[in-house]
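Next come the chains, spelled out residue by residue.
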Amino acid sequence: MRITPSVLNANLANLESEIARIPSADGIHLDVMDNRFVPNLTFGLPVIECVRKATTAFLDVHLMIAEVDRWAPGYAEIGCDSVTFHIEASDAPIKLARELRALGSRASMALRPATPIEPYADLLGELDMVLVMSVEPGFGGQKFLDLVLPKLRRTRELVARTGQDIWIQVDGGISEATIERCVDAGADTFVAGSAVYSAADPDAMVRALKAQAAAQQDAAHHHG
Ligand code: DX5
Ligand code: ZN
């Protein structure tokens, strides 16, 4: 069970210190938005390059950008540990995933809430992670969409069939109120933005979410 908090709702004027507040995190989720693929604009390569130099934390970059085939490899080149591209924005996802891995990064594919996993089942072998969006991408602080739970389950089944260790990340509206449903549906990696950064003690929230996810997984093993 991994918790990868999003800094989207942190104080973006102090990224280095905001990241330092969550030492228990398994990775830092960085939401790159271009005002084309999503109706919001955040930060890009120059900012993440500075973050890379400022921390040894695992950097999990979520690219919500158009023409992603052109831009994604740059994030692997500067040393990001995991690079996620949206399948809806990629023209050549197999080529892209191979390029990312060749550059030393993990390769990850994201699905918007309405995008099915089934057409991409044969791509799973090229990937290290699948990100299932549980809100429409673009903004933090939105309500979790329960309708993605069946897709999470189907993703878990397809991943199990590959026999490979492919992480399943869920992103959007994750909190103490929603994380257990996602564990039950097969997610193992959780993005939480507002839940972590609106907490009085963000690192305590990271630890609480991780403990809750682990306990839920144990309970499932014992009863199911
Ligand atoms: C939404 C982003 C998410 C977001 C999560 O487009 O991809 O990573 O920041 O924030 P919360 O946890 O507040 O939904
Ligand atoms: Zn994200």
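Our structure's up above, just so we're on the same page.
Counting restarts for each chain, with residues numbered from 1 along the sequence as it is written. The order in which chains are written sets their letters, starting at A; the order in which ligands are written sets their numbers, starting at 1. Note on the predicted model: pLDDT of at least 70 is required for a residue's local features to be given, and 80 or more for side-chain atom pairs to be given and counted; whole-chain, interface and lining totals, by contrast, use all residues. With hydrogens and water stripped out, all remaining heavy atoms of the structure feed into the side-chain values.

J.: I would appreciate a short explanation of the pairing of strand 5 (residues 106-111) in the present structure.
T.: Strand residues, when the strand is regular, have side chains that alternate between the two faces of the sheet. Whether a residue is buried, partly exposed or exposed follows from its accessible area with a 1.4 Å probe, protein chains only, as a fraction of its type maximum: under 20%, in between, or over 50%, in that order. The numbering of helices and of strands both runs from the N terminus, where a helix is a DSSP run of H or I of at least 4 residues and a strand a run of E of at least 2. Of all 6 residues that make up strand 5, 6 are buried, and the element is covered over most of its length. Of the two faces of strand 5, the one holding R106, S108 and A110 and the one holding A107, M109 and L111 are both buried throughout. In this analysis, strands are considered paired if DSSP registers two or more bridges between them. Relative to strand 5, strand 4 (residues 82-86) is paired through 5 bridges, and the arrangement is parallel. Looking across to strand 5, one finds that S82 is bridged to R106. Handedness of the crossover joining strand 4 and strand 5 through helix 4 (residues 93-102): right-handed. By convention, a crossover is right-handed whenever its connection, traced from the first strand over the helix to the second and viewed with the strands pointing away, goes clockwise.

J.: Got a minute to help me understand the coordination of the zinc ion (ligand 2) in this structure?
T.: Think of it this way: four donors in a tetrahedron around the metal ideally sit 109.5 degrees apart, and six in an octahedron ideally sit 90 or 180 degrees apart. Ligation of the zinc ion (ligand 2) by protein atoms is provided by H29 (NE2), D31 (OD), H62 (ND1) and D171 (OD), these donors lying 2.1 to 2.3 Å from the ion. Coordinating donors are taken to be N, O and S atoms lying within 2.8 Å of the metal, or within 3.2 Å when the metal is Na, K or Ca; because water is excluded from the atom set, some sites may appear incomplete. Irregular is the default label, applied whenever a site is not tetrahedral (four donors, all angles between 85 and 135 degrees) and neither square planar nor octahedral (four or six donors, opposite donors over 155 degrees apart, all other angles between 65 and 115). Given 6 donor atoms and angles of 71 to 172° at the metal, the environment of the zinc ion (ligand 2) is assigned as octahedral. All donors of the zinc ion (ligand 2) belong to a single chain; written as a sequence motif, their spacing is H-x1-D-x30-H-x108-D. Pair noted here: D31 is in strand 2 (residues 28-33) and D171 is in strand 7 (residues 167-171), with a separation of 140 residues, a long-range link. You'll find D31 and D171 in the same group, each marked buried.

J.: It is not clear to me how the packing of helix 3 (residues 68-77) against helix 4 should be interpreted in this structure. Could you clarify?
T.: Two packed helices can be described by the angle between their axes and the distance between those axes. Relative orientation of the contacting elements helix 3 and helix 4 amounts to 10°, with a least axis distance of 9 Å. Between helix 3 and helix 4, the interaxial angle falls into the category roughly parallel. Considering the relative orientation of helix 3 and helix 4, their crossing is right-handed. Taken together, the residues of helix 4 that come into contact with helix 3 (itself represented by V68, D69, A72, P73 and A76) are P93, L96, E99 and L100. Residue polarity follows a fixed list, in which Ala, Val, Leu, Ile, Met, Phe, Trp, Tyr, Cys and Pro are nonpolar, Asp, Glu, Lys and Arg are charged, and the others, Gly among them, are polar. Grouping the amino acids of the contact of helix 3 with helix 4 by side-chain chemistry returns 7 nonpolar, no polar and 2 charged. Between the N-to-C directions of two axes lies an angle of 0 to 180 degrees, each axis being a line fitted to C-alpha atoms and, for a helix, fitted only over the stretch in contact. Roughly parallel covers angles under 35 degrees, roughly antiparallel covers those over 145, roughly perpendicular covers 65 to 115, and oblique covers all other angles. Definitions for this section: a left-handed crossing has its near helix turned counterclockwise from the far helix by less than a right angle. A right-handed crossing has that turn clockwise. We call two residues in contact whenever any of their non-hydrogen atoms come within 4.5 Å of each other.

J.: Help me understand the pattern of salt bridges, please; the structure alone is not making it clear to me.
T.: Any two side chains of opposite charge can pair if their charged atoms end up close together. The salt bridge definition used is simple: a Lys or Arg side-chain nitrogen within 4 Å of an Asp or Glu carboxyl oxygen. Scanning all chains against the criterion turns up 14 salt bridges. Between D128 and R101 there is a salt bridge, and its shortest N-O distance comes to 3.0 Å. Taken as a pair, D128 in the loop between strand 5 and strand 6 (129-133) and R101 in helix 4 lie far apart in primary sequence, 27 residues in all. Since its relative accessible area comes to 31%, R101 is described here as partly exposed. Note that R154 is salt-bridged to E118, the shortest N-O span being 2.6 Å. Residue R154 is found in helix 5 (residues 149-162), and its partner E118 is found in the loop between strand 5 and strand 6; the two are separated by 36 residues along the sequence. Take R154: its relative accessible area is 34%, and that puts it in the partly exposed class.

J.: So what exactly am I meant to see when it comes to the side chain of R52 here?
T.: Along the chain, R52 falls in helix 2 (residues 45-54). The buried category is assigned to R52, whose relative accessible area is 17%.

J.: Please explain the site of ligand 1 as it appears in this structure.
T.: Throughout this document, a residue counts as near a molecule or strand when at least one of its heavy atoms sits within 4 Å of that molecule or strand. Of all residues adjacent to ligand 1, which total 20 residues, the nearest are G138, G141, D171, G193 and S194. Counted as a polar contact is a pair of N or O atoms within 3.5 Å, where, for protein atoms, one must be capable of donating a hydrogen and the other of accepting one, and residues adjacent in sequence contribute only when both atoms are in side chains. S6 is positioned with one of its side-chain polar atoms (N or O) 3.1 Å from an oxygen atom of ligand 1. Note that an oxygen atom of ligand 1 is positioned 3.3 Å from one of the side-chain N or O atoms of H62. Expressed as a share of its isolated accessible area of 380 Å², the protein-covered part of ligand 1 is 99%. Those elements that provide at least two residues to the shell around ligand 1 are strand 2 and strand 3 (59-64). At 3 residues, the largest contribution of residues to the shell around ligand 1 is made by strand 2. Looking at side-chain class alone, the shell around ligand 1 contains 8 nonpolar, 10 polar and 2 charged residues. Note on areas: Shrake-Rupley, 1.4 Å probe, and residue coverage restricted to the protein chains presented here.

J.: Looking at this model, I keep getting lost on the environment of S105. Mind explaining?
T.: Tracing the sequence through the fold places S105 in the loop between helix 4 and strand 5. Separated by 37 residues in the primary sequence, S105 and V68 have C-alpha atoms spaced 15 Å apart. What S105 contacts, discounting residues up to four positions off in sequence, is A76, C80, D81, S82, V83, L100 and D128. In terms of polar contacts, S105 uses its side chain to reach the backbone amide nitrogen of V83, at 3.4 Å.

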